[in-house]
Amino acid sequence: MNNIEFSAWLESCSNQQAKAIRAVRKLIKENTSNLDETINQGKWLHGYIFYSKDSRMIFALAPKGTTKTTLHMMPFYGSKELQLRHQNALAPFLTGKSCIAFTNFSELPIEDLLNIVKEGTKVFLDRI
């Protein structure tokens, strides 16, 4: 997805959500390689930004309601080790087995997210 498509997609988000989504996007793009970034057109999580490899979703990002942002993290979901290491820090934000919801990026445990994105993605891709 190019920056024009991304900017158009952000138009439906609140300013707060757009800021959070830009920060998560930057974190993912700077700490992973070779992930495809697309807007999902499928039945599940339709309209979310997908970060995927070989058509397998690794992360999904979107606004949630009018104030929150949601991030689905398959490396976290697929690794008991990552769950044990980061569950306490993510507990206030967890809304499912792989999903967090938050209002501001700055409230998140950034080091935990960084580890999940950077190290968890490598391990997850090696397994698929």
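See the structure shown above.
Attention in this report is confined to the structure presented alongside it. (Residues numbered from 1 in each chain as written. Predicted model: local features only at pLDDT ≥ 70, side-chain atom pairs only at ≥ 80, totals over all residues. Heavy atoms only, no water.)

What follows covers the packing of aromatic side chains. Applying the stated rule across the entire model yields one aromatic pair. When the centroid spacing of 6.4 Å and the interplanar angle of 20° are considered together, the rings of F6 and W9 count as stacked. Taken as a pair, F6 and W9 lie in helix α1 (residues 3–10) at a separation of three residues, close to a single helical turn. The exposure class assigned to W9 is buried, which follows from its relative accessible area of 12%. Seen from the ring of F6, R25 lies directly overhead, with NZ or CZ sitting 3.8 Å from the centre. (Phe/Tyr/Trp six-rings, centres within 6.5 Å; stacked < 30°, edge-to-face > 60°. Helix = DSSP H or I, 4+ residues; strand = E, 2+ residues; numbered from the N terminus. Buried < 20%, exposed > 50% of the residue type's maximum accessible area, 1.4 Å probe, protein only. Lys NZ or Arg CZ within 6 Å of the ring centre and 35° of its normal.)

Once that is clear, we can look at the pattern of salt bridges. Applying the stated rule across the entire model yields three salt bridges. A salt bridge links E37 to R25, with the shortest nitrogen-to-oxygen separation between them at 2.7 Å. Placement of E37 in strand β1 (residues 36–39) and of R25 in helix α2 (residues 15–31) is noted, with a sequence separation of 12 residues between them. In this pair, the class of E37 matches that of R25, namely buried. A salt bridge links E81 to R85, with the shortest nitrogen-to-oxygen separation between them at 2.3 Å. Residue E81 and its partner R85 are located together in helix α4 (residues 80–90), separated by four residues, close to a single helical turn. Its relative accessible area of 42% is what places R85 among the partly exposed residues. Three or more residues joined by partner-sharing salt bridges are found here, namely R25, K29 and E37. (Salt bridge = Lys/Arg side-chain N within 4 Å of Asp/Glu carboxyl O.)

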